[in-house]
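Notes for the structure review
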Amino acid sequence: MAIEARNEDQVQSGQEQSARGLPVLPVRDTVLFPHAVLPLTVGRETSVNLINSLGEDKTIVVVAQREARIDNPQPTDLYSIGTLATVHKVVKMPNQSLFVFTEGLERVRMTEYTQLSPFLRASTETIPEAEFRKTAEEEALHRNVLTLFQQIVATSPTLSDELQTVAMNIDDSGRLADFIASSLPSLATKDKQELLETTDIRVRLDRINRHLAKELEVQQLRSKIQSEVQDQVQQTQREYYLREQMKAIQKELGEQDETTRDIEELRAKIDAAGMPEEVKKEALKELTRLQRMSPMAADYSVTRNYIEWLAVLPWAKSSGGEVDINKAREVLDADHYDLQKVKDRILDYLSVRRLKPTMKGPILCFVGPPGVGKTSLGKSIARALGRKFTRLSLGGVRDEAEIRGHRRTYIGALPGQIIQGIRRAETNDPVFMLDEVDKLGRDWRGDPSSALLETLDPEQNNTFRDNYLDVPFDLSKVLFITTANQLDPVPDPLRDRMEIIELPGYTEDEKVHIAQRYLVPRQIDENGLKAEQIDFSEESIRHIIRHYTREAGVRNLERNLGTICRKQARRIAEGKPDKLVVSKEDIKQFLGGEKIRVETEIAERTKRTGVAVGLAWTPTGGDVLFVEVNKMKGKGNFTMTGQIGQVMQESMQAALTWVRSHAQELGVSEDFFSNHDLHIHVPAGAIPKDGPSAGVTMVTAIVSLLTDRSVRPYMAMTGEITLSGNVLPVGGIKEKFLAAKRAGVHDIILPAENKMNVEEDILPEQLAGVTVHYVSTIDEALAIALPSSPTEEKKDAEEREQHLQQVPA
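Residues numbered from 1 in each chain as written. Predicted model: local features only at pLDDT ≥ 70, side-chain atom pairs only at ≥ 80, totals over all residues. Heavy atoms only, no water.

Things to note about the overall build of the protein
Note the following rule: A run of DSSP states H or I qualifies as a helix once it reaches four residues; a run of E qualifies as a strand once it reaches two. Both are numbered from the N-terminal end. With the radius of gyration taken over C-alpha atoms, the globule rule is written as 2.2 Å times the number of residues to the power 0.38. Each residue's exposure class comes from its accessible area (1.4 Å probe, protein chains only) as a fraction of the maximum for that residue type: buried when under 20%, exposed when over 50%, partly exposed otherwise. Residue-level accessible areas treat just the shown protein chains as cover; the underlying method is Shrake-Rupley with a 1.4 Å probe.
A count of helices and strands for the protein gives 31 helices and 24 strands. Radius of gyration (C-alpha) of the protein: 45 Å, far over the 28 Å computed for a compact globule of 809 residues. Expressed as lengths along the three principal axes of its C-alpha atoms, the size of the protein is roughly 135 × 100 × 60 Å. Among the 809 residues that make up the protein, the fraction classed as buried is 48%. As displayed, the protein offers around 41200 Å² of accessible surface, 48% of which is attributable to carbon and sulfur atoms.

Structure (structure tokens):
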């Protein structure tokens, strides 16, 4: 009675205060119900100020927040219905927060907020409980709620059994619903607030009844799952005891179980592997750990696989043996024609290795267009050295773990491709080819090119540490060979670790030799023919090279030879066993019409003025580039087309500026440029083009148009220009030279400073039939490229017509 009287006094005091507003304490993730005691931790500055401001009257309003994550809630962030409460006790915590014991009195509605700082105050009105008459149906609902709550308390490991006694002593249905709602930890804040706002006691009982039914179902499922897990654990323990008994029996009989045999086999492999002391110590440590494990343990297979990897790697097994230098030269010459620089480098390596057997393997990088034999050269080198060959294609690899492996903690982890390649080779000194190193990718998983830095550094790779093995492996005896079509995408630190050997494209003569010695015999064999059933003359091979392929390598040539061989195989299968001597007519029949008109293309296109032939470097070798200029009436506009890059556009502007500044010397009228528009175009508009090396070609084409003089037939040129009229050196000279020769060019204009490149990279036999003109200024280039008199013009025209008439249409 005394407690009820005190609560009534506090309610009356709260009502008196409501005129000026009661302090409002926002709480997160909880709801205070009437007649319930709730301990609260108060840490927010506004809430601490509120508690500290309470005098003798300890009445406050406790309201739940709509969103728990809001730190400074405003009235709109709070529910409109809360609980009038009394603060019974305040305990100061070491972290400056307060621990507050509050008791709910009654439901109240916030009518108006009268203060927002330093804490919230609000005017309130009491929400009276609706009248509740206990009919038989309501009594049954009351008892059902009580029974469900008792069952939940009995099965829950977190709820105290005293809650059952307290609930049984509550006769008022409304108070029972509030008590249960405040006691259920699984009830969501939103559901609790909904119950707080429900004044109809029957509806409130019905809602709490549904929540209790759902909670009881969850409790029963939880008990069922726990029981099943317990049974499974007991079964596992039973199997363990039986296994241990079986081991004891086998031991008494002198037999070994399967696990023990596995352990002994692994120990024998470790002893025979020839591991370094540090690695062997790690392997035996893992083996001891494996021995203590149950075969059913999750880590058992992971540890066993790790030991297997350590045991099978060729730690001390090498190809060995002395290599005969002369025999190696014979093997290299038999497999590949020419490529003298590469062969010399390999023979140098063998010679040094004979004098110093402990030398580290070089890191070679073969750079060249597709189809010149980079990959097949690696196999040939391995055969010449008497070593195993293994290859890894890096095209499209974008995960650093592909190189260095995954850590053992990952499911399905494996060593990287370097260690896997060594295992496949079964020796520690194979020839290891890393193909397409310029096509490595990179993304959020890492940068594989950076992972290769350690692999391809002779000073570091003697202690290469794979992420999976986590022990050092010596890669210094491996002969690494990388291949690339171009070096631009290869990062500088990686390029610095490799010895670059360029493999330029082949000339026509070299392709004829390669076809006769390698391609034709291989295609005859692959298509089931015999040498006496088909014959390719040198003339027919040259015809295919000139008119059906324009490439630096020989892949398309071999493809076309294979097509002709298949046609002959079909003829034989159809009952026509006559030997086929391949002629031009047969080639046209089997391969279709000529794809490339080498002899006439340049002569035809340079007949008109304003067309000049340039030379371009491409990743596939080199190619000829036509530059065309035209004029029309206009206001001095200059148009540039042909999908050209910024550098090439600037080169065109520089060419035009030089021509305009020398207009008088060239015999061009002063008002020509103000009354005419110029359009410069580089055909093959679908192909992007860039670079400064076509500067000389552009000047020549413009001057040819403006002076009405055609460029000499079969003349090509390359070189960067300056505004002062100098011709600067350019790169890719060998590729450009070979492209010009393939296109039937007779005269080439090159910058004078590139003379050294010609002497070093191009053989005398390759220079045969081509005259190279070296120039330092634009004036010198124009003097060579354009006829200087009507007599020379007539002579050039006759020569051009003669070539066009000689070649059949």
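Regarding the environment of F432
Which entries qualify depends on this criterion: It only takes one pair of heavy atoms within 4.5 Å for two residues to be counted as in contact.
Relative to the helices and strands, F432 resides in strand β9 (residues 431-435). Considered as a pair, F432 and T390 are 42 residues apart in the sequence and their alpha carbons are 5.1 Å apart. Beyond its immediate chain neighbours, meaning those up to four positions away, F432 contacts T390, L392, Q417, I418, G421, I422, V478, L479, F480 and I481.

Examining the packing of helix α3 (residues 136-155) against helix α5 (residues 173-183)
As a reminder, the rule being used: All axes here are fitted lines through C-alpha atoms, helices being fitted over the stretch that makes contact, and every angle between N-to-C directions spans 0 to 180 degrees. In what follows, roughly perpendicular refers to angles from 65 to 115 degrees, roughly parallel to angles under 35, roughly antiparallel to angles over 145, and oblique to any angle outside these ranges. By definition, turning the near helix anticlockwise from the far helix through less than a right angle yields a left-handed crossing, and turning it clockwise yields a right-handed one. Three residue categories are used. Nonpolar comprises Ala, Val, Leu, Ile, Met, Phe, Trp, Tyr, Cys and Pro, charged comprises Asp, Glu, Lys and Arg, and polar comprises the others, including Gly.
At their nearest, the axes of α3 and α5 sit 11 Å apart, and the two run at 25° to each other. Considering their axes alone, α3 and α5 lie roughly parallel with respect to each other. Judged by the sense of rotation from one axis to the other, the crossing of α3 with α5 is left-handed. Of the residues in α5, those touching α3 at H142, V145, L146 and F149 are S173, L176, F179, I180 and S183. Looking at the contact of α3 with α5, its residues break down into six nonpolar, three polar and no charged.

Quick word on helix α15 (residues 417-425)
Summarising burial for α15: seven of the nine residues are buried, a large majority. Turning to α15, its buried residues are Q417, I418, I419, Q420, G421, I422 and A425. E426 sits one or two residues past α15 and shows a positive phi near 65°.

Concerning the side chain of K374
Rule in force here: Charge convention: Lys and Arg are scored as positive, Asp and Glu as negative, and His as well as the terminal groups of each chain are ignored. What counts as a salt bridge is simple: a side-chain nitrogen of Lys or Arg found within 4 Å of a carboxyl oxygen of Asp or Glu. As used in this structure description, the phrase polar contact means that two N or O atoms lie within 3.5 Å; if the pair is within protein, one of them must be able to donate a hydrogen and the other to accept it, and residues adjacent in sequence are counted only when both atoms belong to side chains.
Counting through the fold element by element, K374 comes out in helix α13 (residues 374-385). The buried charged residue K374 lacks any salt bridge, with E436 as its nearest oppositely charged partner at 6.3 Å. One polar contact links the side chain of K374 to the main-chain carbonyl oxygen of P369, over a distance of 3.0 Å. Ignoring sequence-local partners within four residues, the contact set of K374 consists of F366, V367, G368, P369, M433, T483, A484, N485 and L503.

Notes on helix α23 (residues 646-661)
Given 3.6 residues per turn, any residue in an α-helix points the same way as the ones three and four places further on. Rules: Here the expected span of a helix is defined as 1.5 Å times the quantity of residues minus one.
Taking 1.5 Å per residue as the helical rise, α23 with its 16 residues ought to reach 22 Å, and the 23 Å between its terminal C-alpha atoms agrees with that figure. Along α23, the residues classified as buried are M648, S651, M652, A654, A655, L656, W658 and V659.

Describing the side chain of S651
Of note, S651 is situated in helix α23. On the accessibility criterion, S651 (9% relative accessible area) is buried. When near neighbours in sequence (up to four residues on either side) are disregarded, S651 contacts P692, G695, M698 and I721.

Some words on the sheet that holds strand β13 (residues 499-502)
Put simply, the test is: Here, a strand pair is defined by DSSP locating no fewer than two bridges between the strands.
Spatially, β8-β9-β12-β7-β13 is the arrangement adopted by the five strands of the open sheet, whose pairing is parallel. Two strands lie at the open edges of the sheet, namely β8 (389-393) and β13, each paired on one side alone. Put simply, the sheet's adjacent strands are angled 20° from each other on average, direction ignored. Pairing analysis gives four bridges linking β9 to strand β12 (residues 479-484), with the strands arranged parallel. When the bridges of β12 are listed, L434 appears paired with T482.

Description of a nonpolar patch on the surface
The test is simple: A patch consists of residues exposed above 30% relative accessible area that lack any salt bridge, with like charges linked at up to 9 Å and nonpolar side chains (Val, Leu, Ile, Met, Phe, Trp, Tyr) linked at up to 5 Å.
Residues I225, V229 and V233 make up a contiguous nonpolar surface patch of about 240 Å² in total accessible area. Classification of V229 by relative accessible area gives partly exposed; the value is 44%.

With respect to the environment of G368
Mapped onto the fold, G368 is located in the loop between β7 (363-367) and α13. Sequence spacing of G368 and L487 is 119 residues, and the spatial spacing of their C-alpha atoms is 9.4 Å. Setting aside anything within four residues of it in sequence, one finds G368 in contact with K374, A484, N485 and L503.

Structural notes on the nonpolar core
In plain terms, the rule: Side-chain atoms within 4.5 Å link the members of a nonpolar core, which is a set of buried Ala, Val, Leu, Ile, Met, Phe, Trp, Tyr and Cys residues.
In this structure, I60, V61, F149, I180, I208 and L212 are the most contacted members of the largest nonpolar core, which totals 60 residues. Top element by residues in this core is α3. It accounts for seven residues. Non-local contacts of I180, meaning those with residues more than four positions away in its chain, are made with V145, F149, I208 and L212. Within the second largest apolar cluster, 50 residues are counted, among which are L332, V372, L377 and I514.

Quick look at unusual backbone geometry
Of note, the amide linkage connecting S117 to P118 takes the cis form, showing an omega dihedral of 0°. The phi angle at E436 is positive, at roughly 55°, despite the residue not being glycine. Looking at the element boundaries, E436 is found in the loop between β9 and α16 (448-455). Judged by its relative accessible area of 25%, E436 falls in the partly exposed class. Its identity as a non-glycine residue notwithstanding, D470 has a phi of 55°, on the positive side. Tracing the sequence through the fold places D470 in the loop between β10 (464-465) and β11 (472-473). With relative accessibility at 44%, the residue D470 sits in the partly exposed group.

A word on the environment of Q523
With respect to the helices, strands and loops of the structure, Q523 is situated in helix α18 (residues 508-526). With relative accessibility at 8%, the residue Q523 sits in the buried group. With sequence-adjacent residues up to four places away left out, Q523 is seen in contact with E558, L561, G562 and C565. In this structure the side chain of Q523 is engaged in a polar contact, spanning 3.0 Å, whose partner is the side chain of E558.

Concerning the confidence of the model for the protein
Put simply, the rule is: The predictor reports its confidence for every residue as pLDDT, a score running from 0 up to 100.
Looking at the protein as a whole, the pLDDT averages 84, with 94% of positions reaching at least 70. With pLDDT under 50 throughout, residues 1-6 is counted as low confidence; its partners more than four residues away or in other chains account for two contacts.

Observations regarding the packing of helix α9 (residues 277-292) against helix α10 (residues 300-312)
At a minimum axis separation of 10 Å, α9 and α10 run at an interaxial angle of 150°. What the angle tells us is that α9 and α10 run roughly antiparallel. The interaxial crossing formed by α9 with α10 has left-handed handedness. Counting all contacts with α9, which are made through V279, E282, A283, E286, L287, R289 and L290, the residues of α10 involved are Y300, T303, R304, Y306, I307 and L310. Grouping the constituent residues of the contact of α9 with α10 by class yields eight nonpolar, one polar and four charged.

Quick notes on the pattern of salt bridges
This model, assessed by the stated rule, comprises 30 salt bridges. Close ionic contact of E308 with R304 constitutes a salt bridge, the shortest N to O distance being 3.2 Å. Of the two residues, E308 and R304 are both situated in helix α10; the distance of four residues between them amounts to about one turn of the helix. Note that R404 is salt-bridged to E454, the shortest N-O span being 2.8 Å. Of the two residues, R404 sits in helix α14 (residues 401-404) while E454 sits in helix α16, which places them 50 residues apart along the sequence.

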